[in-house]
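# Descriptive structure summary
Residue-level listing of the chains:
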Amino acid sequence: MAILCFNPTLSSPSSLSFPTKHPQRVPHFAFFPSAPTPLTSPSSLSLFPKRIMHNSPSSRDPHVTRTSALIDPDGGALAELVASPSERDALRQETSTLPSISLKQIDLEWVHVLSEGWASPLRGFMRENEYLQCLHFNCLKMEDGSVVNMSLPIVLAITDQEKEAIGAKESVTLLGPSGSAVAILRRIEIYPHNKEERIARTWGCTAPGLPYVEEAITPTGNWLIGGDLQVIEPIKYNDGLDHYRLSPRQLRDEFDRREADAVFAFQLRNPVHNGHALLMNDTRRRLLEMGYKNPILLLHPLGGFVKADDVPLDVRMEQHKKVLEDGVLDPETTIVAIFPSPMHYAGPTEVQWHAKARINAGANFYIVGRDPAGMGHPTEKRDLYNPDHGKKVLSMAVGLEKLNILPFKVAAYDQVAKKMAFFEPSRSQDFLFISGTKMRNFAKTGENPPDGFMCPGGWKVLVDYYNSLQSEENVVKTTVGA
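Throughout what follows, the structure given in this document is the object of discussion. Worth saying up front: this structure is predicted, and the values here are computed from it rather than measured. (Residues numbered from 1 in each chain as written. Predicted model: local features only at pLDDT ≥ 70, side-chain atom pairs only at ≥ 80, totals over all residues. Heavy atoms only, no water.)

## Some words on the layout of surface pockets
Any empty space left between atoms is shown by rolling a water-sized probe over those atoms. Put simply, the test is: A pocket here means an open set of points on a 1 Å grid, computed over the protein atoms alone, that has protein on both sides within 12 Å along at least five of seven lines. A cavity is instead a set of points where a 1.4 Å probe fits but cannot get out; residues with an atom within 4 Å of a point line either one. Grid points are joined across faces, edges and corners, and a volume is the space filled by probe spheres set on the points. Helix and strand labels come from DSSP, where a helix needs a run of H or I of at least four residues and a strand needs a run of E of at least two; each type is numbered from the N terminus. Charged residues are taken to be Asp, Glu, Lys and Arg, nonpolar residues to be Ala, Val, Leu, Ile, Met, Phe, Trp, Tyr, Cys and Pro, and polar residues to be all remaining types, Gly included.
A volume near 1,300 Å³ is recorded for the largest pocket. Lining the largest pocket are 43 residues, and of these N270, H276, R370, D371 and G436 lie nearest its centre. Counting residues per element, the ones that place at least two in the lining of the largest pocket are helix 8 (274-289), helix 10 (347-360), strand 12 (365-369), strand 14 (411-414) and helix 12 (436-445). The dominant element in the lining of the largest pocket, judged by the number of residues it contributes, is helix 12, at 6 residues. Looking at the lining of the largest pocket residue by residue, the class counts come to 20 nonpolar, 13 polar and 10 charged.

Shown next, in the form of structure tokens:
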């Protein structure tokens, strides 16, 4: 099942503008967002009593210059934390005078997320008051009394030895996995890292086997360090995919360049099949019927940490490229970009983070599927989360009040029409449900899925990937046997 979530936090057209490129650096919570002025809601959406969409194209003043920044960032401006080129030499010199903390890959991914404003209004790793609000309330309260959603702790763990080395210093250097300085954390605060409480409140489960926990929490230190982040230069991975890593500001600029009057985002961590495409294309059709002239799709795969059996990012990006080349999605109305966040697999808690981050990128529509950010229970043969709770939580989440939800029917493979289609209960025997696990098993075993399940070019990318894994396994077995 998939749903379309509307995020219409539009200000009135005359007030829409981009924030300045380098907003003044201020302490956490010093943000004063202006209250949005709701526009007239379309009468066609009176079917949805829970939350009514407030942005109808027909209600916009034709004499006002339109911008595609349909939603103001949380806090009123993007918290962009990368130093200007003129500051960088001095920062590099300063890093050598400070105690240092070595970052793991996931830590660097969070530095990336923070530096570009995906977590606005956060200006660094959370201090304790922010951490507690996030952990217990899934939101942050601003100084003016307004509330923004923040459902996942964005924190940095340090060891006893690192804490002792920092001593009374007020700033520390953050070293990337390669050993080079990537940022300075200023006005720091160190506080206890209660891992059990963090895990229980984020996942609602403390069973062993949670991928993010085992990678980024259990083996880390007993302290958390928060502060204001100043990143020396934009984070790059030099993996051939950096051109896909568009920041929220770059995406907003691209939406403007394409003269988008609606932006709908679709996050995924799996290859795109024709059921996904059906939802995305149907969303655009419905937006056009509502009166929008140029809705743009943001196809936004997650690019940070994923569990070991997920398809790697480079393979997914090549598969997504083939989806556009094969015409399944229209390149003229689609932007493919990488969302740099690590994946928690924390279900309804995490899906709030996914929605919030896309608001900061300017998207005002959000498609979310069944069991978003979910996974199987690590020790029992069942889902970890109720598959319908993600959409329900989004409809009630504090700080996401203007997120509107439009239910979609289930998409499945129609064995009569030989294509992906919306499920019809009256002829349920004609439909075949192909899960992501089943899709991966098809590719691993060389068995072709039904015609019309995925575009040929995209399917070949997956088959080639799993064939390469099989070849590597055979080489290892041969070497061990010798």
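## Section: the sheet that holds strand 7 (residues 181-192)
Condition: Any two strands with at least two DSSP bridges between them are considered paired. Here, two residues are considered to be in contact whenever any of their heavy atoms come within 4.5 Å of each other. Fitted lines through C-alpha atoms serve as axes, helices being fitted only where they are in contact, and the angles separating the N-to-C directions of these axes extend from 0 to 180 degrees.
On the basis of which strands lie adjacent, the open sheet formed by 5 strands has the order 2-6-7-8-5 and mixed pairing. Looking at strand neighbours, the two that pair on one side only are strand 2 (100-102) and strand 5 (157-158), the edges of this open sheet. The sheet strands contacting helix 1 (residues 88-95) are strand 6 (171-175), strand 7 and strand 8 (223-231), and the helix crosses strand 7 at an angle near 55°. Sitting on the sheet, helix 2 (residues 105-116) touches strand 6, strand 7 and strand 8, and the angle it makes with strand 8 is about 50°.

## Points about the side chain of H300
Along the chain, H300 turns up in the loop between strand 10 (295-299) and helix 9 (313-325). Each residue touching H300, except ones within four places of it in the same chain, is listed here: W118, L251, F266, Q267, L268, A337, I338, F339 and R358.

## Brief notes about the pairing of strand 8
Under the convention used in this document: We call a residue buried when its accessible area falls under 20% of the maximum for its residue type, exposed when it is over 50%, and partly exposed in between, using a 1.4 Å probe and counting protein chains only.
The buried fraction of strand 8 is high, at 8 of 9 residues. By the bridge criterion, 2 bridges tie strand 5 to strand 8 in an arrangement that is antiparallel. For I158, the partnering residue across the bridge sits in strand 8 and is W223. Strand direction decides the pairing type here: strand 7 and strand 8, joined by 8 bridges, are antiparallel. Residue R186 lies in a different strand from strand 8, and its bridge partner there is D228.

## Comments concerning helix 5 (residues 195-203)
Heads up, the rule is: The directions from the helix axis to the C-beta atoms form the arc being described.
Those residues of helix 5 lying buried are K195, R198, I199, T202 and W203. Mapping the buried residues of helix 5 onto a view down its axis gives an arc of 95°, with all of them on the same face. Turning to helix 5, the residues buried within the fold contact helix 3 (128-137), helix 6 (211-216) and helix 10. G204 lies just past helix 5 and shows a positive phi near 65°.

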